[in-house]
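# Analysis of the macromolecular model
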Amino acid sequence: MSDIRITINGQARSLNVPSMKRLLDVIREDLQLTGTKEGCGEGECGACAVLMNGELVNSCLVPALQANGASVCTIEGVAIDGRLHPVQQCFLENGGAQCGICTPGMILATQHLLNKYPRPTYEQIQEGLAGNLCRCTGYMRIFESVCKAAEADYLPDRGKA
Ligand code: FES
Ligand code: FES
């Protein structure tokens, strides 16, 4: 067992967890933030993606000890003052979410992309979301949602871990 400290969605938390426990399970079980989803459990689908120190990571591949001292942003940390973030709003309005399993990871991947490229090209959008799989939408609605979000009043400093 290890004592770790994580700043999760801006809140400092201390935890005692097995060193190799997956960050995904720490988030869902210890921190009770179930918005982060598990798909493949093998680093292939992006359903479990979160921002760790501003970088997009698949939390199913990150051991708890590696997250010690990190600042982590999950989907629960994306809304602003109880209102949907513009990226979330664009997914909602443009059919970017269907069953919703991929959506938290897609939203965080989109934030990571837009933090890097506030006005991304279509190719940059495709590339930026290449690690996130969706079984429902066929991706077009998701790419459209991201395009709309990039045109919207995107706030690059929000949603950064
Ligand atoms: S559940 Fe982590 S990448 Fe699929
Ligand atoms: S909306 Fe169902 S997997 Fe993407």
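A brief structural summary. Just so you know, the residues in each chain are numbered from 1, in the order the chain's sequence is written. To label them, take the chains in the order written and letter them from A, then take the ligands in the order written and number them from 1. For a predicted model such as this one, the threshold for reporting local features is a pLDDT of at least 70, and the threshold for listing and counting side-chain atom pairs is 80 or more; totals across whole chains, interfaces and linings nevertheless cover every residue. To obtain the side-chain values, all non-hydrogen atoms of the structure were used and water was disregarded.

What follows covers the pairing of strand β2 (residues 11-17). Pairing geometry for strand β1 (residues 2-8) and β2, over seven bridges, is antiparallel. Bridge pairing links Arg-5 to Ser-14 in β2. When DSSP locates at least two bridges between a pair of strands, those strands are taken to pair. Helix numbering and strand numbering both begin at the N terminus, where a helix is a DSSP run of H or I of at least 4 residues and a strand a DSSP run of E of at least 2.

A pair can form between side chains of opposite charge whenever their charged atoms are brought close. One speaks of a salt bridge when a side-chain nitrogen belonging to Lys or Arg is within 4 Å of a carboxyl oxygen belonging to Asp or Glu. Overall, the coordinates contain four salt bridges when judged by the stated rule. One salt bridge in this structure joins Asp-30 and Lys-21, with 2.8 Å as the shortest N-O distance. Residue Arg-22 is joined to Asp-25 by a salt bridge in which the shortest nitrogen-to-oxygen separation is 2.8 Å. Linked through salt bridges whose partners overlap, the residues forming this network are Lys-21, Glu-29 and Asp-30.

Let us now look at the sheet that holds β2. Strand order in this open sheet of five strands is β2-β1-β5-β3-β4, and the pairing throughout is mixed. In the strand order of this sheet, the two ends are held by β2 and β4 (55-58), each with one partner. Strand-to-strand, the axes of this sheet are offset by a mean angle of 40°, without reference to chain direction. Pairing geometry for β1 and strand β5 (residues 71-73), over two bridges, is parallel. Its bridge partner being in β5, Ile-8 is matched across the sheet by Val-72. In what follows, residue pairs with any heavy atoms lying within 4.5 Å of each other are defined as contacts. Only the contacting stretch of a helix is used when fitting its axis, a line to C-alpha atoms as for every element, and angles between N-to-C directions run 0 to 180 degrees. Across the sheet, helix α1 (residues 23-30) lies against β1, β2, β3 (49-52) and β5, angled at about 105° from β2, the strand it touches most. On top of the sheet, helix α3 (residues 103-116) reaches β3, β4 and β5; it is set at about 35° to β3, its chief contact.

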